[in-house]
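Listed here are the chains, written in short residue letters.
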Amino acid sequence: MGRVCDFLTRESIMFQWNAKRIEGKTVSVYLEFARKSFLRAGAYRFEVWTRLFANLTYFLMWGSIWYALYQSTDGVNGESSFRQVLTYVALSQMIQTLHAAGTPIYEIQHKVRKGDIALELMRPYDFPLRSLFGDLGNIGFYLITAVLPVYSILFVFLHDQLPFAPGELHRWGWFLLAFVLSYLVRYAIDLCFGLLTFWLIETGGIGEIVYFALQLLSGQVIPLWFFPEWLLTVAAWLPFQAIYYIPNAILLGRIPDGQLLNVIGVQVFWVVFMLSLLRITWHQAVKRVIIQGG
């Protein structure tokens, strides 16, 4: 049973007053959220290991699938070697490990259904920005404890596919920049979708469609260079390619040096677009506070 609480004016005044009260302390407030998220992630070590185990299992599964494809099709039409594709999948899984450290969509949906989102509106901070800094704390923890130790060892065995030559080291810098931009795109998509709960209450069916499209058109496990021309055109007009394909293609040398700035520009465009869409969605969502239950 649900009821609509029409208290937009009171909440807006409260939020503006609280925002002025912490003016000048904004950065330190959000950095504190990041610090606490980092420490909280450390309290759930079992979750770290289970996520990492699931991630590596996923990598082995797709590695086996690609191995079978290469064994049966004589190199998949010569597009790329098996080791290059295996490295691509490893990079995707590394990025996914860090992306998954962010705030789960179901947590946002739970807040909306239970009405807890009303409390967020009364607190002296911006909820989307608080979520971002909280995610950064979690990502920092997983980066140090899981990603760097495990994937450093994994990449030792795939070093021949990575840019370690003196003339290629600059690609690591471009990759790091592309990863940061990829996370911002993924964060905005996730939060926008989570906020749809304000209007739809249940988003399970739509969620499955969206995340299937994200996995496919982002090139998470199938590099876009294998796509037919028509599907590649579709992917080029969507933000998903900025999440996995662009960072991976940069590091693997699939994008020439002369085009690096162009593809980063594509990511920047989608970051600006998706963050703007997030602000619009959030602005509209605060007008609809839905409390589910009795």
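Scoring rules and cut-offs
Residue numbers restart at each chain and count upward from 1, following the sequence in its written direction. Restriction of local features to residues with pLDDT of at least 70 applies here, the model being predicted, together with a cutoff of 80 or more for giving and counting side-chain atom pairs; totals for whole chains, interfaces and linings are based on all residues. Side-chain measures here rest on the full set of heavy atoms in the structure, leaving out hydrogens and waters. Strands here are runs of E lasting at least two residues and helices are runs of H or I lasting at least four, both read from the DSSP assignment and numbered beginning at the N terminus. A 1.4 Å probe rolled over the protein chains alone gives each residue an accessible area, and that area as a share of the maximum for its type sets the label: buried under 20%, exposed over 50%, partly exposed in between. By the convention used here, residues are in contact when the closest approach between their heavy atoms is within 4.5 Å. In short, Shrake-Rupley with a 1.4 Å probe defines the accessible areas, and a residue's cover is counted only from the protein chains shown. Only the contacting stretch of a helix is used when fitting its axis, a line to C-alpha atoms as for every element, and angles between N-to-C directions run 0 to 180 degrees. To sort the angles, those under 35 degrees are grouped as roughly parallel, those over 145 as roughly antiparallel, those from 65 to 115 as roughly perpendicular, and the leftovers as oblique. Handedness of a crossing is defined here by the sense of rotation of the near helix relative to the far one, left-handed for an anticlockwise turn of less than a right angle and right-handed for a clockwise turn. Gly falls in the polar group here, along with every residue not listed as nonpolar (Ala, Val, Leu, Ile, Met, Phe, Trp, Tyr, Cys, Pro) or charged (Asp, Glu, Lys, Arg). For this analysis, a ring pair means two rings from Phe, Tyr or Trp (six-membered ring only for Trp) whose centres lie within 6.5 Å, classed as stacked if their planes differ by under 30 degrees, edge-to-face if by over 60, and tilted for the remaining angles. The rule is short: NZ of Lys or CZ of Arg within 6 Å of the ring centre and within 35 degrees of the ring normal puts a charge over the ring. For salt bridges, the criterion is a side-chain nitrogen of Lys or Arg within 4 Å of an Asp or Glu carboxyl oxygen. The span expected for a helix works out to 1.5 Å for each residue beyond the first. Nonpolar cores are built from buried Ala, Val, Leu, Ile, Met, Phe, Trp, Tyr and Cys residues. Side-chain atoms within 4.5 Å join them into one set. Like-charged residues are merged into a patch within 9 Å and nonpolar side chains (Val, Leu, Ile, Met, Phe, Trp, Tyr) within 5 Å, provided each residue has over 30% relative accessible area and no salt bridge. Every residue carries a pLDDT, the predictor's confidence in it, which falls somewhere between 0 and 100.

Engineer: For this particular structure, what's the right way to read the overall build of the chain?
Structural biologist: Check the secondary structure of the chain and you find 13 helices and two strands. Taken across its 294 residues, the chain has 45% of its residues classed as buried. Residue pairs in contact within the chain that sit at least 24 positions apart in sequence constitute 83% of those at least 6 positions apart. Summed over its atoms, the accessible surface of the chain is roughly 15,300 Å², and 68% of this surface lies on carbon and sulfur atoms.

Engineer: Explain the packing of helix α8 (residues 170-195) against helix α13 (residues 260-285) here, please?
Structural biologist: When two helices pack together, their arrangement is captured by the angle between the axes and the distance separating the axes. Two numbers describe how α8 lies on α13: the axes approach to 9 Å, and their chain directions differ by 25°. Looking at the two axes, α8 sits roughly parallel to α13. The interaxial crossing formed by α8 with α13 has left-handed handedness. Here the contact of α8 with α13 is composed, by residue class, of 23 nonpolar, four polar and one charged.

Engineer: What's the story with the packing of aromatic side chains in this structure? I'm lost.
Structural biologist: Aromatic rings in a pair are described by how distant their centres are and how their planes are angled relative to each other. Going through the model one piece at a time under the given rule, you end up with 21 aromatic pairs. One aromatic cluster is present, built from ring pairs that chain together Trp66, Tyr67, Tyr70, Phe82, Tyr88, Trp225, Phe226 and Tyr245. The side chain of Arg130 reaches across the aromatic face of Phe33, ending 5.6 Å from its centre. Above the plane of the ring of Trp225 lies Arg254, whose end atom (NZ or CZ) is 3.9 Å from the centre.

Engineer: I keep staring at the pattern of salt bridges and nothing clicks. Help me out?
Structural biologist: A side chain of one charge can pair with a side chain of the opposite charge when the charged atoms of the two come close. What the rule picks out here adds up to five salt bridges. A salt bridge links Glu32 to Arg35, with the shortest nitrogen-to-oxygen separation between them at 2.6 Å. Here Glu32 and its partner Arg35 are both found in helix α2 (residues 26-42), three residues apart, which amounts to about one turn of the helix. Note that Asp126 and Arg279 form a salt bridge whose closest N and O atoms lie 2.8 Å from each other. Highlighted residues: Asp126 in the loop between α6 (117-122) and α7 (127-157) and Arg279 in helix α13, separated in sequence by 153 residues. Here Asp126 falls in the buried class, since its relative accessible area comes to 12%.

Engineer: How should I be thinking about α13 in this particular structure?
Structural biologist: One full turn of an α-helix is made of 3.6 residues, so residues set three or four places apart face in the same direction. The end-to-end C-alpha separation of α13 is 37 Å, in line with the 38 Å expected for 26 residues at 1.5 Å each. Among the residues of α13, those classed as buried are Leu260, Val263, Ile264, Gln267, Trp270, Val271, Met274, Leu278, Thr281, Trp282 and Ala285.

Engineer: I would appreciate a short explanation of the nonpolar core in the present structure.
Structural biologist: Nonpolar side chains tend to gather and get buried jointly when the protein is soluble and globular. Core analysis: the largest hydrophobic core is formed by 75 residues, its most contacted members being Phe155, Val185 and Ile250. It is α8 that provides the largest number of residues to this core, a total of twelve residues. Apart from residues no more than four positions distant in its own chain, Phe155 is found in contact with Ala90, Leu91, Met94 and Leu162.

Engineer: How should the environment of Leu216 be read in this particular structure?
Structural biologist: Within the secondary structure layout, Leu216 lies in helix α10 (residues 204-217). Sequence-wise, Leu216 and Gln241 are 25 residues apart; in three dimensions their C-alpha atoms are separated by 9.4 Å. With sequence-adjacent residues up to four places away left out, Leu216 is seen in contact with Leu224 and Phe227.

Engineer: Just checking my understanding: could you explain a nonpolar patch on the surface for this structure?
Structural biologist: Among the surface-exposed residues, Phe38, Leu39, Leu143, Ile144 and Leu148 lie close enough to one another that they form a single nonpolar patch of about 430 Å² accessible area. Looking at the nonpolar patch, the elements that each hand over two or more residues are α2 and α7. For the nonpolar patch, the element with the most residues is α7, which contributes three residues. Mapped onto the fold, Leu39 is located in helix α2.

Engineer: Honestly, the side chain of Gln84 in this entry has me stumped. Any pointers?
Structural biologist: Of note, Gln84 is situated in helix α4 (residues 82-99). For Gln84, a relative accessible area of 12% translates into the label buried. Sequence-distant contacts of Gln84, that is, excluding residues within four places in its chain, are made with Gln161, Trp225, Leu252 and Arg254.

Engineer: Explanation requested: the confidence of the model for the chain in the structure shown.
Structural biologist: Any region with low pLDDT has predicted coordinates that should not be read closely. Here the chain shows a mean pLDDT of 80. Residues at 70 or above account for 84%. Considering only residues more than four positions removed or in separate chains, one finds that residues 1-24, a stretch of pLDDT under 50, has 30 contacts. This model gives residues 290-294 a pLDDT under 50, and the stretch forms 21 contacts once residues within four places in sequence are excluded.

Engineer: How should I be thinking about the environment of Ala178 in this particular structure?
Structural biologist: Residue position: Ala178 is located in helix α8. Separated by 86 residues in sequence, Ala178 and Ile264 place their C-alpha atoms 6.6 Å apart. Beyond its immediate chain neighbours, meaning those up to four positions away, Ala178 contacts Pro247, Ile250, Ile264 and Gln267.

Engineer: Which parts of the structure should I look at to understand the side chain of Arg186?
Structural biologist: As for its position among the elements, Arg186 is in helix α8. The residues contacting Arg186, other than those within four sequence positions of it, are Gln96, His99, Tyr211, Leu214, Ile243 and Tyr244.

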